[in-house]
Amino acid sequence: MKKVLFIDRDGTLIREPADEQIDAFEKLSFLPGVIRALATLRERTDYELVMVSNQDGLGTPSFPEDTFWPVHQFILDTLRGEGVEFDAIFIDRHFPEDNAPTRKPGTAMLTAYMDGSYDLEHSYVIGDRAVDVQLAANLGCKALQISEEMDWKKITEILVAGERCAELHRCTRETDIRVRLELDRPGGGEVHTGLPFFDHMLSQLIHHGGLSLWLEAKGDLEVDEHHTIEDTALALGECLRQALGNKLGISRYGYCLPMDDCLCRVALDFGGRPWLQWAVEFRRECVGGIPAEMFFHFFKSLSDAALMNLSITATGENDHHRIEGIFKALARALRMAAQRDVRHLVLPSSKGAL
């Protein structure tokens with residue numbers, strides 16, 4: 001079945017000025033990387049490209065519907081010159097107060113794509129606003145919302161090489177843990193383990209790792225923290241291993257990070273051989289209410305389950321800063337090592353296997 005990318009124009013293909021009117025050539029500029037991205041998508045995927053915009057935004061007078069204002073035509077001509085031709089273009093010219101069914105997130109303009117001949121489940125809406133995300137939901141497809149993290153480079157990576165996510169439910173007599181990990185959608189998720197300091201540390205993966213993580217752990221904390229921390233590491237590591245998939249195009253290696261009085265280094269290799277080198281000594285018996293010895297155990301279990309080599313070193317005076325710096329460095333190392341090059345989707349190994 002055919003797949004389609006429904007692409008917004010203003011704010012997605014071109015920058016949107018404060019007055020939301022691209023009514024002069026001097027106000028026109030393309031988003032960084034968009035032309036290269038669309039050319040790559042045309043060349044390397046089989047998605048149809050469909051422009052869908054609520055905003056005329058070009059100061060268009062009352063011309064016939066099939067007549068384009070010169071600025072809009074310049075956009076199309078520029079893209080066409082780079083091998084990017086839209087399969088269809090839909091521009092709704094109603095005002096927001098009209099509540100017209102043709103305006104996004106309404107789907108009236110797009111009924112031809114809802115007759116069962118398109119694989120909407122694996123299609124996308126790409127836009128910069130909440131109405132674009134809602135349009136995706138109304139169509140039954142996925143959404144990619146433009147942001148600082150979700151730029152056209154990241155969008156190209158997802159559409160060419162696929163989204164990397166994994167979900168796991170690990171249940172034993174001691175713990176019940178649910179994890180969902182999305183490597184290519186930054187900044188989402190929540191962490192709840194019943195251990196506030198541990199939650200704070202795991203949340204660093206969301207804030208600094210360029211990923212989304214939902215993690216809920218219910219453990220026998222009335223016994224102690226051991227089972228909850230260990231099993232969380234095993235579940236998270238297994239999700240990480242699954243989400244990486246075939247590892248084609250990944251950087252594989254990755255980070256060194258200072259935090260106040262501390263210098264923390266997490267060197268990482270997704271080479272398929274688990275190992276932990278740990279050069280961290282704590283002055284306190286507990287950090288954040290957690291026995292200091294459990295942090296070694298967490299990273300050892302994570303390394304084993306994710307099949308990754310970890311080398312962790314931290315120096316400094318403050319134990320809280322050191323362990324937080326380690327988690328932040330881990331987040332940055334994961335982000336660096338999991339990054340993909342869509343122009344070079346090969347396995348980063350001379351052995352031919354990871």
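I will try to describe carefully the structure that is included in this document. (Residues numbered from 1 in each chain as written. Predicted model: local features only at pLDDT ≥ 70, side-chain atom pairs only at ≥ 80, totals over all residues. Heavy atoms only, no water.)

The subject of this paragraph is the sheet that holds strand 8 (residues 189–192). With respect to topology, four strands assemble into an open sheet ordered 6-7-9-8, the strand pairing being mixed. Bordering the open sheet on either side are strand 6 (165–171) and strand 8, each of which pairs with just one other strand. Averaged over all pairs of adjacent strands, the angle between strand axes in this sheet comes to 10 degrees, irrespective of strand direction. Helix 5 (residues 196–209) contacts strand 8 and strand 9 (212–219) of the sheet and is inclined by roughly 160 degrees relative to strand 8. (Pairing = 2+ DSSP bridges. Helix = DSSP H or I, 4+ residues; strand = E, 2+ residues; numbered from the N terminus. Axes fitted to C-alpha atoms, helices over the stretch in contact; angles between N-to-C directions. Contact = heavy atoms within 4.5 Å.)

We now examine helix 8 (residues 319–338). Along its 20 residues, helix 8 runs 28 Å from first to last C-alpha, staying within 8% of the 28 Å computed at 1.5 Å per residue. Extensive coverage of helix 8 is indicated by the burial of 16 of its 20 residues. One side-chain oxygen of the residue at the start of helix 8 lies 2.9 Å from the amide nitrogen of His-320, identifying that residue as Asn-318. (Expected span 1.5 Å × (residues − 1). Buried < 20%, exposed > 50% of the residue type's maximum accessible area, 1.4 Å probe, protein only. Polar contact = N/O pair within 3.5 Å; in protein donor to acceptor, adjacent residues only side chain to side chain.)

Counted according to the given criterion, the structure contains 28 salt bridges. Among the salt bridges present, the one from Glu-157 reaches Arg-340, with a minimum N-O distance of 3.2 Å. Relative accessible area serves as the criterion here: at 7%, Arg-340 is assigned to the buried category. The shortest N-O distance in the salt bridge between Arg-185 and Glu-163 comes to 2.7 Å. On the criterion of sequence distance, the pair formed by Arg-185 in the loop between strand 7 (175–182) and strand 8 and Glu-163 in the loop between helix 4 (152–161) and strand 6 is long-range, its members being 22 residues apart. Judged by relative accessible area, Glu-163 falls into the partly exposed class, the value being 27%. If you follow the salt bridges from partner to partner, you end up with Lys-154, Glu-157, Arg-164, Asp-184 and Arg-340 in one network. (Salt bridge = Lys/Arg side-chain N within 4 Å of Asp/Glu carboxyl O.)

So, on to the pairing of strand 2 (residues 48–53). Counting buried positions along strand 2 yields six of six residues, so the element is predominantly enclosed. Judged by which residues are buried, strand 2 turns out to be covered on both faces: Glu-48, Val-50 and Val-52 on one side and Leu-49, Met-51 and Ser-53 on the other are all buried. The pairing of strand 1 (residues 4–7) with strand 2 spans four bridges and is classified as parallel. Its bridge partner being in strand 2, Leu-5 is matched across the sheet by Leu-49. Pairing geometry for strand 2 and strand 3 (residues 88–91), over four bridges, is parallel. Note on strand 3: the bridge partner recorded for Val-52 is Phe-90.

Here the focus is the packing of helix 1 (residues 34–44) against helix 4. Helix 4 packs onto helix 1 with a crossing angle of 10 degrees between their chain directions and a minimal axis gap of 9 Å. Relative to helix 4, helix 1 is oriented roughly parallel. Together, Val-34, Ala-37, Leu-38, Thr-40, Leu-41 and Arg-44 of helix 1 and Trp-152, Thr-156, Leu-159 and Val-160 of helix 4 make up the contact between the two elements. Taken together, the residues of the contact of helix 1 with helix 4 sort by class into seven nonpolar, two polar and one charged. (Parallel < 35°, antiparallel > 145°, perpendicular 65-115°, else oblique. Nonpolar A, V, L, I, M, F, W, Y, C, P; charged D, E, K, R; others polar.)

It is worth spelling out the nonpolar core at this point. In this structure, Leu-213, Phe-298 and Phe-299 are the most contacted members of the largest nonpolar core, which totals 57 residues. Of all the elements, helix 8 adds the most residues to this core, at 10 residues. Residues contacting Phe-298, with those up to four places away along its chain left out, are Phe-198, Leu-202, Ile-229, Ala-233, Leu-236 and Phe-327. Of all hydrophobic cores here, the second largest spans 32 residues; its members include Ile-7, Met-51, Met-150 and Ile-155. (Core = buried A, V, L, I, M, F, W, Y, C linked by side-chain atoms within 4.5 Å.)

Before going further, it helps to examine the packing of aromatic side chains. For the coordinates displayed, the defined rule picks out 13 aromatic pairs. When the ring of Tyr-47 is compared with that of Tyr-124, the centres are 6.4 Å apart and the planes differ by 75 degrees; the resulting orientation is edge-to-face. Here the residue Tyr-47 occupies a position in the loop between helix 1 and strand 2, and Tyr-124 occupies one in strand 4 (residues 124–127), the gap between them amounting to 77 residues. Accessibility assignment for this pair places Tyr-47 and Tyr-124 in one class, buried. Measuring from centroid to centroid gives 5.5 Å for Phe-198 and Phe-298, while their planes differ by 85 degrees, and the two rings are edge-to-face. (Phe/Tyr/Trp six-rings, centres within 6.5 Å; stacked < 30°, edge-to-face > 60°.)

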